[in-house]
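Examination of the molecular architecture
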Amino acid sequence: MGGTFNPEVVLPGQQFTLAATFAGDVGGEVGVPSAGGHDVDVRGTSDLRVTSGRLMAPPLPGGAEAGFIELTTHFSMSGVLDVAFFEVSDAGRHPIGASRNDVFGRGNAIILLQPLFETGNYQVAAFDGTFEPVPEPSTIVLLGWGVVILATRTISRRAARATVSRAD
Amino acid sequence: MRTLCTVLASLLVSLGLSLSPAWADPFRVQDGTLRGDVNGGAVLNWNGGIPSDAFGGLGLSSGAFTIGGDLQP
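Note that this is a predicted model, so its numbers are computed, not measured.

Moving on to the pairing of strand β3 (residues 42–46) of chain B. Remember that side chains alternate between the two faces of the sheet whenever the strand is regular. Residues and elements named next belong to chain B. Where burial is concerned, most of β3 is hidden: four out of the five residues are buried. The pairing of strand β2 (residues 32–37) with β3 spans five bridges and is classified as antiparallel. By the bridge assignment, T33 is partnered in β3 with N45. As paired elements, β3 and strand β4 (residues 63–67) share five bridges and run antiparallel to each other. Note on β4: the bridge partner recorded for A42 is I67.

Put into structure tokens, the structure is as follows:
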């Protein structure tokens, strides 16, 4: 099993929210040197769930050779990575650790729709998401205090001008 | 004036409090990508910011996790 999209097919003009599931066997590599300086690879399973923002499928493009349609939206992800790590050397593969982690994320995504001219609708073809950082609370607080100070100064100046005008 | 400042300060505090849990979440991917296609494959690239205690404390700096299908990281 790999990735599944719900809905798999959308009609032109249809509003939809994409739910994607990426579940199954996991492989790959990680950026960590083992104690012996060997490569480390990964084996395990995953179950990642993605939900997109609300989208609308556009009218079918003209011409039967039209390519993919790109829709931009935001998304959130949650799920599990249950993986084991192996040191790979000439002597073979040796387990060096295993872990089950709940992972989360959110960001912006491009969703590719493939026009199906025979049936007059689209197939959801691919999901391409980029995670975005959550700002530190201290950054938000600093920005907010800046806004408060600016607002206070502006209001004070206006009040002072109004007082001077009345005195004149 | 005082009311406005109170409202703004309250807004600030509530915003800060609502963001804190998300920011402090240790296994939140903040730098990476997730790509998947209809043929059944997906790749989660976790480019950085992996907490040192994640994944059994191995100290990963990055990870490319290929999920099903034939996609390569």
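Residue and element names in this part refer to chain A. By secondary structure assignment, the location of L11 is in the loop between β2 (9–10) and β3 (15–30). C-alpha separation for the pair L11 and P58, spaced 47 residues apart in sequence, amounts to 8.6 Å. If sequence neighbours within four positions are ignored, L11 has contacts with A57 and N121.

Turning our eyes to something else, we now look at the nonpolar core. Ranked by internal contacts, the top residues of the largest apolar core, which has 39 residues, are A:V50, A:I111, A:L113 and B:L44. For this core, the secondary-structure elements that each account for two or more residues are β3, β4 (39–56), β5 (69–89), β6 (92–116) and β7 (121–131) of chain A together with β3 and β4 of chain B. With six residues, the top contributor of residues to this core is β5(A). The contact partners of A:L113, leaving out residues within four places of it in the chain, are A:V10, A:A57, A:F68, A:I69, A:L71, A:Y122, A:V124 and A:A125.

Looking at chain B, pLDDT values average 75 and 62% of them are 70 or higher. In the predicted assembly, ipTM is 0.77 and pTM is 0.74.

We now examine the domain arrangement of chain A. Entries for chain A in the domain assignment read domain 1 (3–133) and domain 2 (135–168). Taken over C-alpha atoms, the centre of domain 1 of chain A sits 46 Å from the centre of domain 2 of chain A.

Reading the values: the criteria
Residues numbered from 1 in each chain as written. Chains lettered and ligands numbered in written order. Predicted model: local features only at pLDDT ≥ 70, side-chain atom pairs only at ≥ 80, totals over all residues. Buried ≥ 20, exposed ≤ 12 C-beta atoms within 10 Å, placed from the backbone. Helix = DSSP H or I, 4+ residues; strand = E, 2+ residues; numbered from the N terminus. Pairing = 2+ DSSP bridges. Contact = placed C-beta atoms within 7 Å. Core = buried A, V, L, I, M, F, W, Y, C linked by C-beta atoms within 7 Å. pLDDT = per-residue confidence, 0-100. Domains from an automatic or database assignment.

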